[in-house]
Amino acid sequence: VSVTVVKALLHEHRYRKRKAQKAQVMGTHPARNAQFEQIAQLKHEYLASENPIVSIDTKKKELLGNFYRPGQLYTQEVVKTFDHDFPSAALGVVIPHGVYDLKRNQGYVSLGTSHDTSEFACDSLLRWWESEQGHATYPQATSLLLLCDGGGSNNATHYLFKQDLQGLADR
């Protein structure tokens, strides 16, 4: 049987090439809204206190080297880059980890060069606290509200982040 005949038969019986569509609602967890209400309440309490509220997140890793980046800059010479962004041509990788102070609307970025680990996330938070943006700004602080997206290095289901965070709190 030829491919043409098979296609004709499929068409005759109303078979069409289709993409799957995400259309079936699975429902929501009964306590889904309660967690957001609790976070909102905590944020309200912390905004009224002398304690900081920070959000942490790791951003996209970037290859280091002569690679193309979107955007423009003022220069007197043509900027030439590699025509492909092969990791093997990179001088290394940089991993930006941000700590965002919600009260002061200020960010603090640490740059790592190896891996996005829970230890790196906690070290970044410690560097922020030890800088003039952390402890010096909140000298009366007795606690810290930490908001995390829960992915990657700060995944709440991985014991390592919880362990490293507890180690940081103990310090």
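This text goes with the structure placed above it.
If you're wondering where the values come from, they're calculated on a predicted model, not measured in any experiment.

## Here's the deal with the overall build of the chain
Working step 1: Per the secondary structure count, the chain includes four helices and five strands.
Working step 2: Element order for the chain, N to C, with α for helix and β for strand: α-α-β-β-β-β-α-β-α.
Working step 3: The C-alpha radius of gyration computed for the chain amounts to 25 Å, which surpasses the reference 16 Å derived for 171 residues by more than 25%, pointing to a less compact arrangement than a globule.
Working step 4: C-alpha atoms of the chain, sized along the principal axes, occupy 80 × 60 × 30 Å.
Working step 5: Taking all 171 residues of the chain together, 20% fall into the buried category.
Working step 6: The long-range fraction of contacts in the chain, counting pairs at least 24 apart against all pairs at least 6 apart in sequence, stands at 63%.
Working step 7: The distance from the centre of the 19 positive side-chain charges to the centre of the 18 negative ones in the chain is 15 Å.

## Here's the deal with the layout of surface pockets
Working step 1: Approximately 400 Å³ is the volume attributed to the largest pocket.
Working step 2: Along the wall of the largest pocket there are 15 residues; nearest its centre are Leu125, Trp129, Leu144, Leu168 and Ala169.
Working step 3: Of all the elements in the fold, those that place two or more residues in the lining of the largest pocket are helix H3 (118-130) and helix H4 (159-170).
Working step 4: A per-class count over the lining of the largest pocket returns eleven nonpolar, three polar and one charged.
Working step 5: The calculated volume of the second largest pocket comes to roughly 170 Å³.
Working step 6: Phe67, Tyr68, Arg69, Pro70, Gly71, Gln72, Leu73, Val79 and Thr81 together form the lining of the second largest pocket.

## Quick notes on the pairing of strand S4 (residues 106-112)
Working step 1: Sheet topology places strand S3 (residues 92-101) next to S4; seven bridges connect them, and they run antiparallel. Looking at S4, one finds that proline 96 is bridged to leucine 111.

## Observations concerning the environment of aspartate 101
Working step 1: Its location among the elements puts aspartate 101 in strand S3.
Working step 2: Owing to a relative accessible area of 0%, aspartate 101 belongs among the buried residues under this scheme.
Working step 3: Sequence spacing of aspartate 101 and glutamine 38 is 63 residues, and the spatial spacing of their C-alpha atoms is 19 Å.
Working step 4: Setting aside residues no more than four positions away along its own chain, aspartate 101 makes contact with Ile53, Val54, Gln106, Trp128, Gln133 and Tyr138.
Working step 5: A polar contact of 2.8 Å, which involves the side chain of aspartate 101, links it to the side chain of tyrosine 138.

## Considering the pattern of salt bridges
Working step 1: Under the definition given, this model contains five salt bridges.
Working step 2: Two residues, glutamate 62 and arginine 69, come together in a salt bridge whose shortest N-O distance is 3.8 Å.
Working step 3: One salt-bridge network, held together by shared partners, links Lys60, Glu62 and Arg69.

## Describing the side chain of glutamine 133
Working step 1: Mapped onto the secondary structure, glutamine 133 falls in the loop between H3 and strand S5 (145-148).
Working step 2: Each residue touching glutamine 133, except ones within four places of it in the same chain, is listed here: Asp101, Arg104, Gln106, Gly107, Tyr108, Trp128 and Tyr138.

## Overview of the nonpolar core
Working step 1: Core analysis: the biggest nonpolar cluster contains eleven residues, these being Val54, Ile56, Val99, Ala121, Cys122, Leu125, Leu126, Trp128, Tyr138, Phe161 and Leu168.
Working step 2: Elements that contribute at least two residues to this core include exactly strand S1 (53-58), H3 and H4.

## Let's talk about the state of the cysteines
Working step 1: Under the criterion given, the structure shown has zero disulfides.
Working step 2: You can see cysteine 122 has no disulfide; the closest cysteine sulfur is in cysteine 148, sitting 8.8 Å from it.

## Re the packing of H3 against H4
Working step 1: Viewed as axis vectors pointing N to C, H3 and H4 meet at an angle of 30°, and their least axial separation amounts to 9 Å. Here H3 lies roughly parallel to H4, going by the angle between them. When the axes of H3 and H4 are compared, the crossing they make is right-handed. Of H4, the residues touching H3 (which contributes Ser118, Glu119, Ala121, Cys122, Leu125 and Leu126) are Leu160, Phe161, Asp164, Leu165 and Leu168.
Working step 2: For the contact of H3 with H4, the residue count by class is eight nonpolar, one polar and two charged.

Cut-offs and rules
- Residues numbered from 1 in each chain as written.
- Predicted model: local features only at pLDDT ≥ 70, side-chain atom pairs only at ≥ 80, totals over all residues.
- Heavy atoms only, no water.
- Helix = DSSP H or I, 4+ residues; strand = E, 2+ residues; numbered from the N terminus.
- Rg over C-alpha atoms; globule rule 2.2 N^0.38 Å.
- Buried < 20%, exposed > 50% of the residue type's maximum accessible area, 1.4 Å probe, protein only.
- Contact = heavy atoms within 4.5 Å.
- Lys, Arg positive; Asp, Glu negative; His and termini not counted.
- Charge placed at Lys NZ, Arg CZ, Asp CG, Glu CD.
- 1 Å grid on protein atoms, 1.4 Å probe; cavity = no way out; pocket = protein on both sides within 12 Å on 5 of 7 lines; lining within 4 Å.
- Points joined across faces, edges and corners; volume = space filled by probe spheres on them.
- Nonpolar A, V, L, I, M, F, W, Y, C, P; charged D, E, K, R; others polar.
- Pairing = 2+ DSSP bridges.
- Polar contact = N/O pair within 3.5 Å; in protein donor to acceptor, adjacent residues only side chain to side chain.
- Salt bridge = Lys/Arg side-chain N within 4 Å of Asp/Glu carboxyl O.
- Core = buried A, V, L, I, M, F, W, Y, C linked by side-chain atoms within 4.5 Å.
- Disulfide = S-S within 2.5 Å.
- Axes fitted to C-alpha atoms, helices over the stretch in contact; angles between N-to-C directions.
- Parallel < 35°, antiparallel > 145°, perpendicular 65-115°, else oblique.
- Left-handed = near helix turned anticlockwise from the far one by under 90°.

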